[in-house]
Each structure stands twice: as C-alpha cells, then as structure tokens.
Amino acid sequence: MTSRIPVTVITGFLGAGKTTLLNRILQGAAGKRYAVIVNEFGELGIDGSLVVGAEEEVHELNNGCVCCRVRGDLIRVMSGLIRRPGRFDGIIIETSGLADPAPVIQTLHFDDFLRQHTQPDSVICVADARHLARQLQAAPEAGAQLAQADLVLLNKCDLAKADELAVSEIAVERVNPTAEVVRCERGDIELDRLIGRGAFDLSRLRVPPLQIQRGRIGRVPHAYVEVEEGRHGDGLRCVSLSIEQAFDPSLFVGWLLRFVRENGEHLLRGKGIVSLRGSEKRFVFQTVHMTVDSGMDRAWKDGEPRGSRLVFIGRDLSAIALREQLEACLAQVEVTP
Ligand SMILES: Nc1nc2c(ncn2[C@@H]2O[C@H](COP(=O)(O)OP(=O)(O)OP(=O)(O)O)[C@@H](O)[C@H]2O)c(=O)[nH]1
C-alpha cells in the first residue's frame, strides 16, 4: 500500500496573510513538491495567480466557498492529484477568508478514496494580530476558523500594538485552548513547524494540561473543573473539562457518539484524552462536526495522573448540560460508609 499524502489546510479571515504564508512555504520547500488548491470566493481567481513558483501546481476552486458549493470539485481535483504518477510530497489547501475549514477535513474523512490516500496533517489558522478580536465579534467564520486550527499564527505583528497582541492571544486561548499560538510577521516561520505536524494523529493529540480541583458531588468523591470557558458575540463557546474519575467505557463511548450526532451541526471541534475504567491505556478522540476519530492510545505512564481532559468548541454549547451528561457516564465508585 502506498503512503498517504499529507494535507495541510491554511485558513484564516480575509486579508490575514494566508497567501503570504503559502508563498513562504513554497519558497522554502527545497526539493519537495506540493500541489496547491486555492479556494476563493468570487470568480476572478486572483489568489491563484499570486502563488509563487512555476514548478508548483495550483488548482483554483472559484465561484463558491469550499465549505458549501465546491466540495465535489475538491474531491475531483484531489482524486486527480492522487492518481498522478510521481505524486506529490503534500497537498496544501488555502481556503477562502470566509470559509469554515471543517468541511474540508470532513471531506477527507468521508470520501472513501481520499480517506485511503490522504492524511490530514494540520489546520493552520493565520490571524491578523491587530484585528482578530474585532473580527471574532463581527464574523462567525473567524471563530470557526480558529476553532479548527491546531496552529494559530498571529500574523502582522509588525502592525499590532502590544495591547492588541495581548487581546488577540487571550481571544485565541478562549476560543481554542488546544492550539499552539505563534506570533509572526509575513508568515515567517520555520518550515518544520508548519509541515509534518501530524496534528490529526490521535497519538499526538494536544489538549490542555490536567487541572484538578478536589470537590464532592453527592456521595461520590469527585473532581471536576471547567478549566476555561470563553464566549463570543456569535454564540461560540469553548468548554474545557478536567475529570479525575474514570468513565465507564460503554457509557462514555455511547454518549460521545450520541452527543456528536445530536450536536454535530453546532459542534465545531472536540478533542479529548480520556480515562476509562479497566483500561491501562488512554482513550483519545477528535471530532469535527459529526466526524469522530477515536481509539486507544499509549499506556498511562507510572505516576501520570489518570484523569480525562476534554475540550468542546461550538455554538450554543451548554456547559451545564455537558457536565451533567458526562457525570452520568462516570464509572461507579465503591463508597465506604
Ligand atoms: N505589514 C504586514 N503586512 C502583511 C503581513 N502579512 C501579510 N501582509 C500583507 O497583507 C495583505 C494581505 O495578505 P494575503 O496573504 O493576501 O492575505 P490573505 O489571507 O491571503 O487574503 P484573502 O485571500 O483576501 O483572504 C497583503 O498585502 C500582504 O502583503 C504582515 O505580517 N505584515
């Protein structure tokens, strides 16, 4: 079986610096061959002609947003690239500044051929360090783009004042505490921090560190803390939870699948490292809307706190309902009177 082609998705709001970053990657990619897919809202295809490097293949998906109208085109173009003899080292997709990148990741997951031949590597969100906070208030797409990212580049740092930078960093942390955040100018970042991240590899899942506050709910010794909760003007909310007590395996997995099915439309992203009763290994999951990727990961290490860490980012998420539902999935503990 041939190896799967890594796919990097570059997202970010209008004018944040996506094409600038793409050009950086292509210019620095000595000896590597990338195919580039640029999706632009509108028919003009300006971005495609701004991408440098004659040796790169640039495919334009215009006249629609990749998240709605051109999904079929994306499958067609990617399938053609995969079938090509002498394939590429990677495929880079730049989404339009108004696109939610989730459908791209879902397309890679749901289309049989693409799933077999591609490997999502990373979703990089380029954010304008000066304007991000305002964009988050004004445009739901800006939040969706941040929510999907595993790496957020706070770009245009040369233009942002110190307080604007600080506000932007806090905004990112609130929307997506699992993302790595890097400040930059004109996308000037070492290539190996951008490509080959393996962020969709379950064994490399990044979630915030375990934060336990001891408490007592009912008669069950219990630890439960909402680590961080951000809310934005458009109803986007991030709920992070640390839970010390192990879950009942079938209750938890059943709940996760049900939760994603029932809330997938509003649930932009979910990630978790979970402790299941009776298992020596960590259970990990990632969700993008209704797509769920999950499995047993490495064994818990000696001395490692065996707690669960879960992060959900979505619209109209109820932290209270989430907590109640998760509590119902906890493994029962023998309580000595
Ligand atoms: N001063 C400054 N300008 C930048 C930086 N990054 C990008 N730019 C400029 O910002 C403008 C927009 O950059 P692009 O890379 O085209 O942004 P984009 O996200 O691809 O834009 P859309 O495709 O419209 O969504 C261009 O004029 C860039 O030269 C930066 O770090 N500092």
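None of the values given here were measured: they were computed from a predicted structure.

### Quick look at the site of the ligand
Here is step 1 of the chain: Taken together, 16 residues form the shell around the ligand, and within it K18, T19, T20, D158 and R186 come nearest.
Here is step 2 of the chain: Contact between the ligand and K18: an oxygen atom at 2.7 Å from a side-chain N or O atom of the residue.
Here is step 3 of the chain: One of the side-chain N or O atoms of D158 is found 2.9 Å from a nitrogen atom in the ligand.
Here is step 4 of the chain: Surface burial for the ligand is 72%, taken as the share of its 660 Å² of free accessible area covered by protein chains.
Here is step 5 of the chain: No other element matches helix α1 (residues 18-28), which puts 3 residues into the shell around the ligand.
Here is step 6 of the chain: Taken together, the residues of the shell around the ligand sort by class into 4 nonpolar, 5 polar and 7 charged.

### Quick word on the packing of aromatic side chains
Here is step 1 of the chain: Using the criterion set out here, one finds 8 aromatic pairs in the structure.
Here is step 2 of the chain: Consider the rings of F252 and W255, whose centres lie 5.8 Å apart with planes at 45 degrees: the pair is tilted. In this pair, F252 and W255 both sit in helix α9 (residues 249-263), 3 residues apart, roughly one turn of the helix.
Here is step 3 of the chain: Taken together, the ring pairs in this structure connect F247, F252, W255, F259, F283, F285 and F312 into an aromatic cluster.

### Remarks on the pattern of salt bridges
Here is step 1 of the chain: The tally for this structure, following the rule as stated, stands at 14 salt bridges.
Here is step 2 of the chain: For D188, the salt bridge goes to R24, with nearest N and O atoms at 3.6 Å. Taken together, the residues D188 in the loop between β7 (180-183) and β8 (214-217) and R24 in helix α1 connect sequence positions 164 residues apart.
Here is step 3 of the chain: Measuring nitrogen to oxygen at the nearest pair gives 3.0 Å for the salt bridge that ties D248 to R277. With D248 in the loop between β10 (236-243) and α9 and R277 in the loop between β11 (267-274) and β12 (281-288), this pair connects stretches of sequence that are 29 residues apart.
Here is step 4 of the chain: A network of salt bridges, in which partner residues are shared, links D150, E180, E190, R193 and R197.

### Some words on the packing of α9 against helix α10 (residues 319-327)
Here is step 1 of the chain: For the pair α9 and α10, the least separation of the axes is 10 Å and the interaxial angle reads 150 degrees. It follows from the interaxial angle that α9 and α10 lie roughly antiparallel. Note on element contacts: α10 touches α9 through L322, Q325 and L326, opposite F252, W255 and F259.
Here is step 2 of the chain: The residue makeup of the contact of α9 with α10, split by class, is 5 nonpolar, 1 polar and no charged.

### Regarding the nonpolar core
For soluble globular proteins, nonpolar side chains are generally found buried alongside one another.
Here is step 1 of the chain: Within the largest apolar cluster, 26 residues are counted, with the highest numbers of intra-cluster contacts made by L132, L136, L146, V152, L154, V175 and I313.
Here is step 2 of the chain: Those elements that provide at least two residues to this core are β5 (118-128), α6 (132-138), α7 (140-148), β6 (151-155), α8 (162-175), β10 and β14 (308-315).
Here is step 3 of the chain: In contact with V152, other than residues within four places in its own chain, are C125, A127, L146, V172, A179, E180, V181 and V182.

Parameters at a glance
- Residues numbered from 1 in each chain as written.
- Predicted model: local features only at pLDDT ≥ 70, side-chain atom pairs only at ≥ 80, totals over all residues.
- Heavy atoms only, no water.
- Near = heavy atom within 4 Å.
- Polar contact = N/O pair within 3.5 Å; in protein donor to acceptor, adjacent residues only side chain to side chain.
- Areas by Shrake-Rupley, 256 points an atom, 1.4 Å probe, with all protein chains shown as cover.
- Helix = DSSP H or I, 4+ residues; strand = E, 2+ residues; numbered from the N terminus.
- Nonpolar A, V, L, I, M, F, W, Y, C, P; charged D, E, K, R; others polar.
- Phe/Tyr/Trp six-rings, centres within 6.5 Å; stacked < 30°, edge-to-face > 60°.
- Salt bridge = Lys/Arg side-chain N within 4 Å of Asp/Glu carboxyl O.
- Axes fitted to C-alpha atoms, helices over the stretch in contact; angles between N-to-C directions.
- Parallel < 35°, antiparallel > 145°, perpendicular 65-115°, else oblique.
- Contact = heavy atoms within 4.5 Å.
- Core = buried A, V, L, I, M, F, W, Y, C linked by side-chain atoms within 4.5 Å.
- Buried < 20%, exposed > 50% of the residue type's maximum accessible area, 1.4 Å probe, protein only.

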